[in-house]
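Secondary and tertiary structure notes
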Amino acid sequence: MWMKQLRPLRRRRIPISQSKKTEYRTAYLFLLPSLLGVGGFVFLPFLDVFRRSFLQASGHVFVGFGNYRTVLQNEAFQRAAGNTAKFILVCIPLLLTLSLSIAVFVQQSKTYQKLMKTGFLLPMALPVASVAVCFKMIFDRHGWLNLFLRQFGGKGADWLSSDSAFWVLIACYVWKNLGYDMVLWLAGLSAIPKEQYDAAKVQGAGRWALFRYITLPQLAETIFVTGLLSFINAFRVFREAYLLSGDYPDKSIYMLQHLFNNWFTSLDIQKMTAAAVMLVLLIGGILSGEEFWKNCREKKEEQRK
Amino acid sequence: MRNFGRTAGRKRKSKGNSGGVRRKKRQLFDGVTGLFLFLVLVIMVSPLLLIVSYSFMGSGELKEVCGAVLSGMKGMAGFRFFPAYPTLRAYVQILLDSPEFFTSFWNSCIQTGGILLGQFLVAVPAAWAFANFRFPGKNVLWFLYMLLMILPFQVTMVSGYLVLNKIHLMDTFAAIILPGMFSTLPVFILRKTFAAVPREIIETAKVDGADEFRIFLSIGLPLGKAGIFAILILGFLESWNAIEQPMTYLKTAAYWPMSLYLPQIMEKNASLAFVASMIMLVPALLLFFFGQDYLEQGIAASGLKG
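- The name given to chain B in an unreviewed UniProt entry is Carbohydrate ABC transporter membrane protein 2 (CUT1 family), and the organism recorded there is Faecalicatena orotica.
- You can read under Subcellular location (unreviewed entry) in the UniProt record for chain B the words "Cell membrane".
- Note on chain B: under the UniProt heading Sequence similarities (unreviewed entry), the record states "Belongs to the binding-protein-dependent transport system permease family."

- Labelled according to an unreviewed UniProt entry, chain A appears under the name Multiple sugar transport system permease protein, originating from Faecalicatena orotica.
- What UniProt states about chain A under its Subcellular location (unreviewed entry) heading is, verbatim, "Cell membrane".

Shown next as structure tokens:
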């Protein structure tokens, strides 16, 4: 609640006794350690990767887009990229809607909120290796799910080495990230002034109308952050996938991360550099599109005011 | 947006006194959803209970239950939630005669501690700069920081390898700690916490003659406490469970953290592995329960407008 009241204050800062130049200098002083590290460990080496992506493996022969062509024509790359895209397109909408609906519900009952938050955040704290074992115990060919199905005359399946592995991984991702997203949604929800709901209720708005016309529009920023963090965590599901089924899992969950990892093991630096550059361009493109859209929206909002 | 009040109001009038029925329906809906959520909660928590319970299981019993899955034995897994003969043997074994476990535990502590210390020194001031100052290049830098935070480890793996190889840090603790401490995710999470620090306080301090560094130390840090704890807890969970980084940059098994050691012994000695899981769990859980409020506030602040 108090954050809401502060917002106009942090819009623009009026320098009192300080010239612009000093402000710039202090800002960069605070940033310096981070800039040095990011520059030295990520940014400059990445420029090197960019340069190498146009060169041949041995020596310094310029091959133009040769490496890129090899990667794009590589069958493993096509499958891995397809799987990764499919995973992201399925898991993020699923996680966002699930966590939002749980958050909307949990928000109404203050008594259970604490318990729910604790329980739902808990999976984040468990070691990945032990989580992988639990999932293996359930979904393995000789595991509990099949044991259970056989009790009822079913046949069971090899969940981890067939197309269903994809859904096991989705379940794993949702299970792990539900709490984090729920907390984000709850914060966004509680920042919406109660009076708006009361006013609408007086006018007779139903639950759905309240959600559609009051809640959703004011959650825009939360949607952005939650989506972004869920996207980051979607790549991290590799840990579980790797511990569940190793370097070469079922082809339905063979992701870009597996491919990069295997390329690294065989020191296939050329392919890695080209693929890394393409991924950075792709993600950068998506991000800048999103930023552009966000700026447009903010401008519109300001005009309305 | 202004329209819905009127239409909804008309609807209610036409329905007359069906309010009671509606309320009952709603109560039923809430009850069913509540029950469903409780079931989900049980699913969320059960792996933890399973790990705790199985760490007290003897190795013979564990073989009976998990052998078919974990060690490739014949037959099906057995289903059992609680050990039939609880024992502390595995705990004794891990404490008395598994030196590799201690090495890996210690490695985890050093690597995680190093990363957290680094993140505190690097990311906190950076987030303060992004939250409180205007400077040329800010938008471009912020975009780059966001991009870097999104990129999965595998994309930056090559560049990391190239630089670590060049400065001869491959296969050392520094290969894990240095790239980890410059992660830009904590900067992103923390920025909004700092942006929410009231301007008035800062301006007052400035009028009183405090310099920027002083303001950061005695206003920014205390008021941003929740966010700072949140990034440290998240950083802890991330590096305590690190798999990709040590797998890529550490060749010598003696340098491996517990997160890599654990999957290794899981196949060979399940009872030892469950106890090791327990020991790995405890610091994470303690931190989690004592810091949960901060964690929540920190996560929450990152999702608000700013």
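Considerations on the UniProt feature "transmembrane region" (unreviewed entry) in chain A
- Those residues carrying the UniProt feature "transmembrane region" (unreviewed entry) are residues 27-47, 87-106, 118-139, 165-189, 210-235 and 269-289 of chain A in this numbering.
- Taken end to end, residues 87-106 of chain A is 100% helix and 0% strand, and its first and last C-alpha atoms sit 28 Å apart.

A short note on the nonpolar core
- Core analysis: the biggest nonpolar cluster contains 164 residues, and Phe135 and Val183 of chain A together with Ala126, Ala127, Leu190 and Ala276 of chain B have the highest contact counts within it.
- Broken down by element, the residue count for this core peaks at 14 residues, all from helix α8 (residues 165-190) of chain A.
- Each of domain 1 (3-92) and domain 2 (93-302) of chain B contributes no fewer than three residues to this core.
- With near-sequence residues (within four places) excluded, Ala126 of chain B lies in contact with Phe30, Leu31 and Ser34 of chain A together with Val187 of chain B.

Regarding the domain arrangement of chain B
Residues and elements named next belong to chain B.
- Looking at chain B, the domain boundaries give domain 1 (3-92) and domain 2 (93-302).
- Spacing between the C-alpha centres of domain 1 and domain 2 amounts to 31 Å.
- With 15 residues of domain 1 at the contact, the number on the domain 2 side is 14 residues.
- Elements that contribute at least two residues to the side of domain 1 that touches domain 2 include exactly α2 (19-54), α3 (59-70) and α4 (89-96).
- Split into classes, the residues belonging to the side of domain 1 that touches domain 2 amount to ten nonpolar, four polar and one charged.

What counts and how
Residues numbered from 1 in each chain as written. Chains lettered and ligands numbered in written order. Predicted model: local features only at pLDDT ≥ 70, side-chain atom pairs only at ≥ 80, totals over all residues. UniProt positions renumbered as here; feature names shortened; annotations may be inferred. Helix = DSSP H or I, 4+ residues; strand = E, 2+ residues; numbered from the N terminus. Core = buried A, V, L, I, M, F, W, Y, C linked by C-beta atoms within 7 Å. Buried ≥ 20, exposed ≤ 12 C-beta atoms within 10 Å, placed from the backbone. Domains from an automatic or database assignment. Contact = placed C-beta atoms within 7 Å. Nonpolar A, V, L, I, M, F, W, Y, C, P; charged D, E, K, R; others polar.

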